[in-house]
Amino acid sequence: MTNSADAAVPIALEDNLAAALCYLLLGVTGLLFLVLEPYNRKRDIRFHAFQSIFVTAALAVCWVVVIVAGMILAYIPWVGGPLAGAIFLSLFAGGFALWILLMYKAYINQPLVLPWIGPLAQKQS
């Protein structure tokens, strides 16, 4: 039989794991770690959470631009479709590689401060 007091004990994550998890579901986990105690009081975790949110927003803007460009390029015979596909694939591969790199660097406690986005995240944290 378990004691009800034992069931209420929260499980704490190591800071490096929490920082890496900020990127796991992009902006969703970034927002989550901004509201969860005690992580929302730790500056390095807040940095990764904000950077995750800002990266997600930047990638969303890039996706919209690529989709609109793809719709425009679709009207160019022979070239438009493959070119739009190559741009789409490049953005997907680059975003995936960046996601893995950010999680890895956060996990090994070597934060990667991205250009433009990183300084904004540092100011917010």
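Our subject is the structure listed above.
What comes next is a walk through the structure. Note that the structure is predicted; figures quoted are calculated from it, not measured. (Residues numbered from 1 in each chain as written. Predicted model: local features only at pLDDT ≥ 70, side-chain atom pairs only at ≥ 80, totals over all residues. Heavy atoms only, no water.)

Moving on, we come to the layout of surface pockets. Here the largest pocket defines a volume of roughly 180 Å³. Along the walls of the largest pocket sit Leu24, Leu26, Thr56, Leu59, Trp63, Leu91, Phe92, Gly95, Phe96 and Trp99, which together make up its complete lining. Among the elements of the structure, helix 4 (43–73) and helix 5 (80–107) are those that each provide at least two residues to the lining of the largest pocket. Top contributing element to the lining of the largest pocket by residue count: helix 5, with five residues. (1 Å grid on protein atoms, 1.4 Å probe; cavity = no way out; pocket = protein on both sides within 12 Å on 5 of 7 lines; lining within 4 Å. Points joined across faces, edges and corners; volume = space filled by probe spheres on them. Helix = DSSP H or I, 4+ residues; strand = E, 2+ residues; numbered from the N terminus.)

By the definition in use, this model includes two salt bridges. Between Asp15 and Lys42 there is a salt bridge whose closest N-O contact spans 2.8 Å. Of this pair, Asp15 sits in helix 2 (residues 15–21) while Lys42 sits in the loop between helix 3 (27–35) and helix 4, and the two are 27 residues apart along the sequence. Asp15 gets classed as partly exposed once you look at its relative accessible area, which sits at 28%. When its relative accessible area of 27% is taken as the criterion, Lys42 is described as partly exposed. (Salt bridge = Lys/Arg side-chain N within 4 Å of Asp/Glu carboxyl O. Buried < 20%, exposed > 50% of the residue type's maximum accessible area, 1.4 Å probe, protein only.)

Attention shifts here to the side chain of Gln51. Mapped onto the elements, Gln51 comes out in helix 4. Under the relative-accessibility criterion, Gln51 is labelled buried at 0%. If we skip the residues at most four places from it in the chain, Gln51 touches Tyr23, Leu102, Leu112, Val113, Leu114, Ile117, Gly118 and Ala121. (Contact = heavy atoms within 4.5 Å.)

What follows is about empty space enclosed by the protein. Gaps between atoms show up when a probe of the same size as a water molecule is rolled over them. Throughout the structure, instances matching the rule amount to one cavity of 30 Å³ or more. What the largest cavity holds in volume is close to 40 Å³. Around the largest cavity, the lining residues are Tyr23, Leu26, Ser52, Val55, Leu59, Gly95, Leu98, Trp99 and Leu102. Elements with a minimum of two residues in the lining of the largest cavity: helix 4 and helix 5. In terms of residue count, helix 5 provides more of the lining of the largest cavity than any other element does, four residues in total. Here the residues of the lining of the largest cavity are counted per class, giving seven nonpolar, two polar and no charged. (Nonpolar A, V, L, I, M, F, W, Y, C, P; charged D, E, K, R; others polar.)

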